[in-house]
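An overview of the molecular structure
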Amino acid sequence: MLELADLRKRRGHTQALDGVSLRVAAGEIVGLLGPNGAGKSTLVSITAGLMEADQGSVALALADAAPGPPTRPQIRRHIGLAPQSLAIYAELSGAENLAFFAGLCRVARADIPARVDAALAFVGLDSRRDDRAGTYSGGMARRLNLAAALVHEPALLLLDEPTVGVDPQSRNRLLENVEQLRARGKAVLYTTHYMEEAQRLCDRVAIIDHGKILAHGTIDALLAAHGGPPRLELEFDGAVETIETDEPLARLQAVAATRTPTSFRVVRPSLEQVFLQLTGRTLRDA
Amino acid sequence: MGAIYSIMVKDLRLLLRDRGAVFLTFVWPLVLATFFGALGPGFGAALDDADERGEGGSLAILVIDEDHSRPSELLIAELDADPLISLAPASLTAARDAVRLGEAPAYLRIQTGFGAAPSALDPPTATGPDAPLRRVELGVDPRRGAESKVLAGATRLAAWRALASERAPDGPLGREAVAIEFSAIVPATTSAAGPPSPYAVTFPQGIIWAVLACAATFAVSLVEERKRGTLLRLAVAPVPRLSILLGKAGACLVAIVIMELVLLTVAVLGFGVRPRSPALLTLALASTAIGFVGVMTLLAVVGRRTQSAAGLSWAILMSLAMLGGGMLPLFLMPSWLQLAAHASPVAWALLAIEGAVWRDFDLGQMASLCAALIALGVICFAIGTRSVREL
């Protein structure tokens, strides 16, 4: 579906992208994780056709159109972007917003009402369709932001932090929506800072920093490669001992043979650990 | 075309749902035109006190001396000595045309018999009801009422000085001794149709304000799109960037045309304004709309933040309005600035609309103004389209 090959882009004195290659298949969610300034926005902008790479190529292979770069409007028609900022018109109703974006994306005039209804129902806003978007809660506005990205039924969705600042219920609804999109065969490039979202949603994750992809693969593969062994935490009368081991059960039995812990738990490595391991703990916005 | 239409409809909807923008664009120009029309022709700063002349330029008046007497020559000399006024001789026909076309604010015609008329110092037999009067015809551009008041005052003062210098040996002379009968006329209305309604003067100015308000409102819309993040969505949409600008230009054009029609309808039906040439008025209004839509597109792509874009738009448009004589009598400006006023598209538009409403322009006189407005619009739009690629 989407193939990024050896993308390089210089912005001012910074090498924003330095040889990035990535593939996203239909029906797959690929997470893009990286600290601030890592190159995520540049990558999304180039993928969306908003800017051109200095080197490398972006190609979308589509079922009903010849493959090509997203700088071509015919290709951009198959891309949906949900920016991190709420890119909707507060003065228009939810339905008017979606009808406008559908028309802009060349949906046939006769098809627009049905597409709008379907998109509103998909994100659970059909009951508020005629209310102005300015009256929506943060979560509803986020859902409308997502609906605006998919009202023209794109093959590729670029979702940039789609759950920022929403309540848990809306967040859960949004994540369910993204999962449904995968089930519908959409290719999704999902940018987020929330590791638990990436762990829940993404089939594969790419960790990017300083314009390079540092690690890329399934969650399990990343955890295995960069997360280190699981940790066995044992508590003895208030004192906690931590043992890193690939066989926590065997170690627990061995320890318990001499001392009986008051409690224990096995902590598997997390994606956050992998992220910090790869990108470091230094603050990037200081 | 579908995308352009979508953007147009969306932008007009956004405009109609913004009460402030609706008031500024649709209501305020109507209030201005109606209010100042009710006050009388020619709105702008009134300047009755000659001490308030300041450092402004001079009022270029065409003068026709039909009397060729010593008093008339003295009057002209005194008037010419006034730093506020500069005189240029002209024939009556040329002077009337110049004022009608807006090329000169006024002319002064010293009619035959001016020198022979007695003053209050002459014997009573000479100043009876049948005695000849000092007659001066003041032909004024009704849009420039402030200047005409200054001119009438200056003429009276000059006449008194002229007579006083002649009679100095007789002692002090009161101003009432030099009675002048002014007949103020509007050259464009010397036909049987009579003088134009004050609203014929103020409604073209109201239309200009409406056009400026529309242009300023839409000039910030692109920056607003950037601010709310929707510009990103527009840029990702499968449409050329030019379509975005065309959509906004189309919405601005529709708003301007609607506003022009509303104001015109109110002027005709509510205030009895009768445009001399509906066809030329259509041409003038269309050219004005095209010109300022072009200016709007250029302003739209220049700004990067709402405040700076709004400030820049209003600063530029207000400068053009001031320079075009829409806010301040031109004669208050230095002479070089008066010359520069001819370069203001506001002045072109105002003159074109007035030309069709009450100045009796023919197509030839209208053509250069309309061509300049259209050319301005096209050039600004072309520059705007180059910049919009960098959105």
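One can find the structure itself at the top, above this paragraph.
This section reports on the structure supplied with the text. (Residues numbered from 1 in each chain as written. Chains lettered and ligands numbered in written order. Predicted model: local features only at pLDDT ≥ 70, side-chain atom pairs only at ≥ 80, totals over all residues. Heavy atoms only, no water.)

**A look at the overall build of chain B**
- A tally of regular secondary structure across chain B gives 14 helices and five strands.
- Within chain B, the fraction of its 391 residues that count as buried is 55%.
- A separation threshold of at least 6 residues defines the contact pool for chain B, and within that pool the share at least 24 residues apart is 82%.
- Just so you have it, chain B exposes about 16,500 Å², and 64% of that area is on carbon and sulfur atoms. (Helix = DSSP H or I, 4+ residues; strand = E, 2+ residues; numbered from the N terminus. Buried < 20%, exposed > 50% of the residue type's maximum accessible area, 1.4 Å probe, protein only. Contact = heavy atoms within 4.5 Å. Areas by Shrake-Rupley, 256 points an atom, 1.4 Å probe, with all protein chains shown as cover.)

**Considerations on the pairing of strand E2 (residues 14–24) of chain A**
Residues and elements named next belong to chain A.
- Direction of pairing for strand E1 (residues 2–11) relative to E2: antiparallel, over a ladder of eight bridges. Considered in E2, the bridge of Lys-9 is made with Leu-17.
- Between E1 and E2, which pair antiparallel in sequence order, lie two residues; one of them, Gly-12, sits at a positive phi of approximately 65°. (Pairing = 2+ DSSP bridges.)

**Some points on the interface of chain A and chain B**
- Taken residue by residue, the interface counts 29 residues in chain A and 22 residues in chain B.
- With both chains or domains summed, chain A and chain B bury close to 2,300 Å², and 62% of this area falls on carbon and sulfur atoms.
- Counting the contacts that link chain A with chain B gives three salt bridges.
- In this structure, Glu-96 of chain A engages Arg-17 of chain B in a salt bridge whose closest nitrogen and oxygen atoms are separated by 2.6 Å.
- The tally of links from chain A across to chain B stands at 12 residue pairs in polar contact (both at pLDDT 80 or more).
- Those elements that place two or more of their residues in the side of chain A that touches chain B are helix H2 (73–76), strand E6 (79–82), helix H3 (94–104) and helix H5 (138–150) of chain A.
- At five residues, H3 of chain A tops the list of elements feeding residues into the side of chain A that touches chain B. (Buried area = accessible area lost by both parts, 1.4 Å probe. Salt bridge = Lys/Arg side-chain N within 4 Å of Asp/Glu carboxyl O. Polar contact = N/O pair within 3.5 Å; in protein donor to acceptor, adjacent residues only side chain to side chain.)

**Let's talk about a nonpolar patch on the surface**
Residues and elements named next belong to chain B.
- Together, Phe-23, Leu-24, Val-27, Trp-28, Val-31 and Phe-35 make up an exposed nonpolar region whose accessible area comes to about 510 Å².
- Relative to the helices and strands, Val-27 is located in helix H2 (residues 19–39).
- The exposure class of Val-27 is partly exposed, given its relative accessible area of 35%. (Patch = residues over 30% accessible without salt bridge, like charges linked within 9 Å, V, L, I, M, F, W, Y side chains within 5 Å.)

**Considering the packing of aromatic side chains**
All names here are of chain A.
- Counting across every chain of the model gives four aromatic pairs over all chains.
- Measuring from centroid to centroid gives 5.6 Å for Tyr-89 and Phe-100, while their planes differ by 75°, and the two rings are edge-to-face. Taken together, the residues Tyr-89 in the loop between E6 and H3 and Phe-100 in helix H3 connect sequence positions 11 residues apart.
- Residue classification places Tyr-89 among the buried residues on the basis of a relative accessible area of 0%.
- Plain terms: the ring middles of Tyr-89 and Phe-101 are 5.9 Å apart, the flat faces sit at 20° to each other, and that makes the pair stacked. Taken together, the positions of Tyr-89 in the loop between E6 and H3 and Phe-101 in helix H3 put the pair 12 residues apart, joining distant regions of the chain.
- Ring pairing ties together the aromatic residues Tyr-89, Phe-100 and Phe-101, which thus form one cluster.
- The ring of Tyr-194 has Arg-171 lying over it, and the distance from NZ or CZ to the ring centre is 5.0 Å. (Phe/Tyr/Trp six-rings, centres within 6.5 Å; stacked < 30°, edge-to-face > 60°. Lys NZ or Arg CZ within 6 Å of the ring centre and 35° of its normal.)

**What about the sheet that holds strand E13 (residues 263–267) of chain A?**
All names here are of chain A.
- What the three strands build is an open sheet, ordered E12-E11-E13; its pairing is antiparallel. Only two strands of the sheet have a single neighbouring strand rather than two, namely strand E12 (239–244) and E13. Going across the sheet, the axis of each strand differs from the next one's by a mean of 20°, ignoring polarity.
- Pairing of strand E11 (residues 231–236) with E12 involves six bridges; the strand directions are antiparallel. Bridged to Leu-232 within E12 is Ile-243. (Axes fitted to C-alpha atoms, helices over the stretch in contact; angles between N-to-C directions.)

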